[in-house]
Amino acid sequence: VSYSDLPGFVESSEAYGETTVTIEREQIRDACLYARDELGFQMLADVVATDYLGWGAKGVSGYIGTESGRDLNFPMTQGLQAMPAGKPKRFSVSYHLLAMRSPAERVRFKVWAEDGEPVPSVVSVWPTADWLEREQFDLMGIPFDGHPNLKRLIMDDDWEGHPLRKDYPIGGEPVRFSEAE
Amino acid sequence: VAVAPARAAWPVVDGSQYEGSRIPSPIPTVKRVDPERVGSDDLLRINFGPNHPSTHGVLRLIVDLDGESVEGIEAVIGYLHTGFEKSMESKTWWKCVTYSPRMDYVGFQNNELTFVLAAEKLLGLEVPTKATWMRMLLSELSRIHSHLIFLGTSALELGAVSMFWYCFREREMILDLFEMVTGQRMHTRYFQIGGLAEDIPQGFYPECRKFIDWFPHALNDYLTLLDRNAIWLERTKGVGVLSASDAIALGQSGPNLRASGVDWDLRRDQPYLAYEQVDFRVPVYTHGDVYDRYRVRMDEMAESNRIVDQCLRRLERMEGQPWIVDDRKVVLPPREELHTSMESLIHHFKIVTEGFRVPEGEIYVATESPRGEQGCYLVSEGGPKPWRVHFRAPSFVALQATPTCLHETLVADLIAIVGSLDAVMGDTDR
């Protein structure tokens, strides 16, 4: 399958036997429509957003040796073995597509977005994206443009913040009916 | 010897269930009452759940009723949200394994398997053959276990109380087997990154063989009890119909998809573990109703039993073989070495405190869980903890099909339909 004809095609890469195709954010809906109708990817398996805030910030651990030498105040247990490749924007949204044929084929479409940048909704292409996108909106705060019912799905309607973001602390959620109240 | 599983004509998509699409528009997961009838005195809006006994956990359905007829429906989920994905980001890879079975608490081995397979793919680990076959055996037992709970609870809800006791009798036998191998009845954490946590204990094979010899008789009993039961047939046939194209559009997978006439099973069509080396049939039915979803699961239990049998035959010949990879950077050293080897002690200490590092990358691994496509999306920064963990939960997707399945439905059918989609709320909300 050739992906270069996809609307909004940016680049395609292979890793771990999986194909990742980066798409222009504004054209993801058109790309999905094309993939469904022209490339035979009938099914959308998953939509998942990732927050890359602070990606690689731990740096390389001291015992491997960095340019500045070994940092005793930065224990080796914290660092990485190698610096990971940088990311173009804070959020990625990945679409895992499945072509039900023999042999089965999968592809990952990926768009990049900064905080608050809308990503076109693919609900009109695959109805299954309804809850998949609502979950990512709820937990990661990705606004999906054109979604017919974009409201919180997992958390309460009046919940503040998006729990899966990296700047959302673990254990930092407000507790109702605490002793202080 | 590799056996190519028999395959029906390539994905059978039979559009015979109904014409066109019944997916509600514009919101695919919300069925609204006719706008002209909004505010009518005939309509009653009620809450089904979240603590209704037949919602399989804490599912809340907001239902608009006209007498007994269901005119509108909206599902509200999240009552069992536990933040597993967030928690896993702050744990080492080794500890994360413990979280995964607790999501889908009915098909726990399969969740564990998906996570472990994904992590192994990032690490590039070659798992020993014995571990692969044992994983397959336990996953299939887990599938039977999950389908038994489906069958017992669904039948119970439709009034067949005795089914529940029979199903839980066999379920108990499977849990005893799990306990024998892993020390735990549920959430076994027996699959380890790299293989299995422990060797298979003495005496497991004969016990397991006792079960698989018995189980076809049990299955026959269930069929006798249900399949010629006029009430059961009346309650399930032609109820909650989902067409093949609607099922695909709604991302359905597993038994729900195969009951709608789509011949698709990841075990055969995108094989993992050693599924290409076992002989099994993929049951496909075409009516897409509650009855067919039940039949698919009944047939699947029989097929799983056959797979377990084949796994046993292989495993019995693997006595003394390794059950986990010998990679000291990832796998804990044998306990007895800690007393004599400094090197082993260091490795043990490092893995338990700091964890092992997983190469940078992202991955999506899908397996066929009892509920359908169980996917695990992992992003690694190259450190000892995952950067992002996400599970594609088949129950979550299955529940989206509820409004589409409703067509001239009565309240009582709603119970049958929700039960037949076999959603586990722990899996849905994660």
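Here the structure is shown first, and the text comes after it.
Because the structure is predicted, anything quoted here is derived from the model rather than measured. (Residues numbered from 1 in each chain as written. Chains lettered and ligands numbered in written order. Predicted model: local features only at pLDDT ≥ 70, side-chain atom pairs only at ≥ 80, totals over all residues. Heavy atoms only, no water.)

A. Inspection of the pattern of salt bridges at higher detail. All names here are of chain B. Under the counting rule described, the total for this entry stands at 54 salt bridges over all chains. A salt bridge links Arg 37 to Asp 66; its shortest N-O distance comes to 2.8 Å. With Arg 37 in the loop between β1 (30-31) and β2 (43-48) and Asp 66 in strand β3 (residues 60-66), this residue pair connects regions lying 29 residues apart in the sequence. The structure contains a network of salt bridges with shared partners spanning Glu 140, Arg 143, Arg 258, Asp 265, Arg 267, Glu 300 and Glu 368. (Salt bridge = Lys/Arg side-chain N within 4 Å of Asp/Glu carboxyl O. Helix = DSSP H or I, 4+ residues; strand = E, 2+ residues; numbered from the N terminus.)

B. The arrangement of the sheet that holds strand β7 (residues 361-369) of chain B in detail. All names here are of chain B. Spatial strand order, β7-β8-β9: three strands in an open sheet with antiparallel pairing. The open sheet is flanked by β7 and β9 (386-392), the only strands paired with a single partner. Averaged over neighbouring strand pairs, the angle between their axes works out to 15 degrees when direction is ignored. In the sheet, β7 pairs with strand β8 (residues 372-380) via nine bridges, with the strands oriented antiparallel. By the bridge assignment for β8, Glu 368 is matched with Glu 373. (Pairing = 2+ DSSP bridges. Axes fitted to C-alpha atoms, helices over the stretch in contact; angles between N-to-C directions.)

C. View of the packing of aromatic side chains. Scanning all chains against the criterion turns up 18 aromatic pairs over all chains. Judged by centre distance (6.4 Å) and plane angle (35 degrees), the ring pair of Tyr3(A) and Phe41(A) falls under tilted. Highlighted residues: Tyr3(A) in the segment before β1 (9-15) and Phe41(A) in the loop between α1 (28-37) and β3 (43-51), separated in sequence by 38 residues. For the pair Tyr3(A) and Phe41(A), a shared accessibility class is recorded, and that class is buried. Centre to centre, the rings of Tyr52(A) and Trp112(A) are 5.5 Å apart; their planes meet at 45 degrees, and the pair counts as tilted. Taken as a pair, Tyr52(A) in the loop between β3 and β4 (91-99) and Trp112(A) in strand β5 (residues 105-113) lie far apart in primary sequence, 60 residues in all. Grouped by ring-pair contacts, the aromatic residues Tyr52(A), Trp55(A), Trp112(A) and Trp387(B) constitute a single cluster. (Phe/Tyr/Trp six-rings, centres within 6.5 Å; stacked < 30°, edge-to-face > 60°. Buried < 20%, exposed > 50% of the residue type's maximum accessible area, 1.4 Å probe, protein only.)

D. Structural context of the state of the cysteines. Residues and elements named next belong to chain B. A full pass over the atoms with the stated rule returns zero disulfides over all chains. Its sulfur unpaired, Cys 167 is 19 Å from the next cysteine sulfur, which belongs to Cys 208. Of all cysteine sulfurs, the one in Cys 311 lies closest to Cys 208, which takes part in no disulfide; the gap is 9.0 Å. On the accessibility criterion, Cys 208 (0% relative accessible area) is buried. (Disulfide = S-S within 2.5 Å.)

E. Layout of the environment of Leu175(B). All names here are of chain B. Summarising the element assignment, Leu 175 is placed in helix α5 (residues 161-182). Leu 175 sits 152 residues away from Ile 23 along the chain, and the two C-alpha atoms are 39 Å apart. Look past the residues within four positions of Leu 175 in its chain and what remains in contact with it is Phe 108, His 145, Arg 185 and Met 186. (Contact = heavy atoms within 4.5 Å.)

F. Region of interest: unusual backbone geometry. Cis geometry marks the peptide bond from Ser25(B) to Pro26(B); its omega dihedral reads 0 degrees. Locating Pro26(B) in the fold gives a position in the segment before β1. A positive phi angle, close to 50 degrees, is found at Tyr16(A), a residue other than glycine. Counting through the fold element by element, Tyr16(A) comes out in the loop between β1 and β2 (18-23). Residues other than glycine seldom take positive phi values, yet His187(B) does so here, at roughly 50 degrees.

G. Structural detail: the packing of helix α11 (residues 290-316) of chain B against helix α15 (residues 411-421) of chain B. Residue and element names in this part refer to chain B. With their axes 9 Å apart at the nearest point, α11 and α15 run at an angle of 30 degrees to one another. In terms of orientation, α11 lies roughly parallel with respect to α15. Seen along the crossing, α11 lies across α15 with a hand that is left-handed. Taken together, the residues of α15 that come into contact with α11 (itself represented by Val 290, Arg 293 and Arg 297) are Ala 416, Ile 417, Ser 420 and Leu 421. Considering only residue class, the contact of α11 with α15 consists of four nonpolar, one polar and two charged. (Parallel < 35°, antiparallel > 145°, perpendicular 65-115°, else oblique. Left-handed = near helix turned anticlockwise from the far one by under 90°. Nonpolar A, V, L, I, M, F, W, Y, C, P; charged D, E, K, R; others polar.)

H. Here's a closer look at the interface of chain A and chain B. Every contact between the two is made by 64 residues of chain A and, on the other side, 61 residues of chain B. Counting the surface lost from both chain A and chain B, the interface buries some 5000 Å², and carbon and sulfur atoms represent 56% of this. The interface formed by chain A and chain B holds six salt bridges in total. When the shortest N-O distance is used, the salt bridge between Glu373(B) and Arg106(A) registers 3.0 Å. Broken down by element, the residue count for the side of chain A that touches chain B peaks at nine residues, all from β3(A). Residue classes in the side of chain A that touches chain B are distributed as 36 nonpolar, 15 polar and 13 charged. (Buried area = accessible area lost by both parts, 1.4 Å probe.)

I. The environment of Arg313(B), seen in detail. Residue and element names in this part refer to chain B. On the secondary structure map, Arg 313 appears in helix α11. The class for Arg 313 is partly exposed, based on a relative accessible area of 48%. For the pair formed by Arg 313 and Arg 209, sequence separation is 104 residues and the distance between their alpha carbons is 9.8 Å.

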